[in-house]
Amino acid sequence: MDLIEHMLSSGRLALDLALYVMLPITVIMGSIMMVFDHRGVLKLLSDLLTPISNLFGASGLSLIALSKMLFVSSIAPLPTLNKLDIQERDNRKLAASLALVLTATQGNVSFPMIAYGLDFGVLLASSIIGGVLASAITYYLFAAKLSSDFQKNTSDCSMPISRPRKTIVQSLSEGGMEGMKIAVNMIPMLTVTLFLLAVLKELNAIQWLTECLSPAFSAIGLPSSAALPVITKYIAGGTAYMGVMIDQIEQGSMTVRDINIIAGLASNPVDLVGVAVFSAIGPRIGKIFRYAIMGALIGLIARALIHIYWFS
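Since the structure is predicted, the reported quantities are computational estimates derived from the model, not experimental observations.

Undergrad: Sorry if this is basic, but what is going on with the environment of Ala-115 here?
TA: Positionally, Ala-115 belongs in the loop between α6 (107-113) and α7 (120-142). On the basis of relative accessibility, which here comes to 72%, the residue Ala-115 falls in the exposed class. For Ala-115 and Leu-49, which are 66 residues apart along the polypeptide, the C-alpha to C-alpha distance reads 33 Å.

If you want it as structure tokens, here you go:
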């Protein structure tokens, strides 16, 4: 095994993903979010959505991030979550908001699968149900003892701070810089994750896992071939999962029923690459990430059970 070559190739791939895939999205979305923030649009939307999201412990902005995950991609919510990392005062709400987003399906993976028989309505419903459950259990159980990072300054609370109104160009520039920081901060964890994946492939660990998990998939009525796309997803990410799924569908080894059950098991951003990306969004999210991921796992189990029941 040539570890040095794996390190170099992992670094090149991490740079390619961060600079040519994630950076354009985070810069553009970050710029747009900053304009909305400076114009008061985000505060307005957050205030409107907060009464709904408060029911399950999440922030109003988290519903905006959720919609981006569901209808755009797993990268699209990053600027909104970064804004939450900066603005959200309650660490419990921050953890619950992240759990909500981590439980949802990614639009860039689910929409191409509709052409092959994926029931997007059920997928959308399971994402919302699982996300609400994940958010609530994170807020009321896993993160119940977290305190706020925000300390109110009562010495001069009656004096409003006047700030000059920034132009749209200034807002775009500031948001773009924040988006660039998000993408660059992901490079170290992406490199380590991709290196681990390369080593596992070299050791035939993925093939071994496929053989070990085949009986479990058979027990829920899935063919043994279903193990490969699921394992690929949790190790290599959603894009790789989608590629393996489409390849198996075109070979005739997957039915529409299989596609929809597997979607409940694997259509989410919680994989090695996703964990590396979302944990690096901001310093506060990095601290509460373990609570959010525990809640998200509960939501993902609920999603899997919904799909197994509905399509069995």
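The discussion continues.
Undergrad: Any chance you could explain the environment of Thr-239 here in plain terms?
TA: Within the secondary structure, Thr-239 is located in helix α12 (residues 238-250). Sequence separation between Thr-239 and Asn-108 is 131 residues; the distance between their C-alpha atoms is 8.3 Å.

Undergrad: Mind showing me how you'd approach the nonpolar core here?
TA: The nonpolar side chains of a soluble globular protein tend to be buried, and buried together. Residues Leu-78, Leu-81, Leu-98, Leu-102 and Phe-278 are the most contacted members of the largest nonpolar core, which totals 40 residues. Where this core is concerned, the elements lending two or more residues are α3 (60-71), α4 (78-87), α5 (91-102), α14 (272-278) and α15 (283-311). For this core, the element with the highest residue contribution is α15, accounting for 8 residues. The contact partners of Leu-102, leaving out residues within four places of it in the chain, are Asn-268, Pro-269, Val-270, Phe-278, Phe-289, Ile-293, Ala-296 and Leu-300.

Undergrad: Is there a simple way to explain the packing of aromatic side chains in this structure?
TA: Two numbers describe a pair of aromatic rings. These are the distance of the centres and the angle of the planes. Enumeration according to the criterion identifies 4 aromatic pairs in this entry. These aromatic residues form a ring-pair network of at least three members: Phe-71, Phe-111 and Phe-120. In this structure, Arg-92 packs its charged tip against the face of Tyr-139, placed 3.9 Å from the ring centre. Lying over the aromatic face of Tyr-234, Lys-233 brings its terminal NZ or CZ to 5.5 Å of the ring centre.

Undergrad: Hey, could you run me through the confidence of the model for the chain in this one?
TA: For any part of a model where pLDDT is low, the fine detail of the predicted coordinates should not be relied upon. The predicted model of the chain has a mean per-residue pLDDT of 84, with 93% of residues at 70 or higher. In the predicted structure, residues 151-161 sits below a pLDDT of 50 and forms 0 contacts with residues beyond four places in sequence or in another chain.

Undergrad: Would you mind showing me how to read the packing of α3 against α5 here?
TA: The relative placement of two packed helices comes down to the angle between their axes together with the axis-to-axis distance. Interhelical geometry of α3 versus α5 gives an angle of 15° and a closest axis separation of 9 Å. Put simply, α3 runs roughly parallel to α5. Seen from above, α3 lies across α5 with right-handed handedness. Every residue of α5 that contacts α3 at Ser-62, Leu-63, Ala-65, Leu-66 and Met-69 is listed here: Ser-97, Leu-100 and Val-101. Residue classes in the contact of α3 with α5 are distributed as 6 nonpolar, 2 polar and no charged.

Undergrad: Explain the environment of Ile-25 to me, please; I cannot follow it from the model alone.
TA: By the element assignment, Ile-25 lies in helix α1 (residues 3-38). Each C-alpha atom of the pair Ile-25 and Asn-82 lies 13 Å from the other, and the pair is 57 residues apart in sequence. The contact partners of Ile-25, leaving out residues within four places of it in the chain, are Gly-30, Ile-75 and Ala-76.

Undergrad: How should the packing of α7 against α15 be read in this particular structure?
TA: Packing of α7 against α15 brings their axes to within 7 Å, and their N-to-C directions diverge by 145°. By crossing handedness, the relation of α7 to α15 is classed as right-handed. In the contact of α7 with α15, the residues fall into 16 nonpolar, 7 polar and 1 charged.

Rules behind the numbers
Residues numbered from 1 in each chain as written. Predicted model: local features only at pLDDT ≥ 70, side-chain atom pairs only at ≥ 80, totals over all residues. Heavy atoms only, no water. Helix = DSSP H or I, 4+ residues; strand = E, 2+ residues; numbered from the N terminus. Buried < 20%, exposed > 50% of the residue type's maximum accessible area, 1.4 Å probe, protein only. Core = buried A, V, L, I, M, F, W, Y, C linked by side-chain atoms within 4.5 Å. Contact = heavy atoms within 4.5 Å. Phe/Tyr/Trp six-rings, centres within 6.5 Å; stacked < 30°, edge-to-face > 60°. Lys NZ or Arg CZ within 6 Å of the ring centre and 35° of its normal. pLDDT = per-residue confidence, 0-100. Axes fitted to C-alpha atoms, helices over the stretch in contact; angles between N-to-C directions. Parallel < 35°, antiparallel > 145°, perpendicular 65-115°, else oblique. Left-handed = near helix turned anticlockwise from the far one by under 90°. Nonpolar A, V, L, I, M, F, W, Y, C, P; charged D, E, K, R; others polar.

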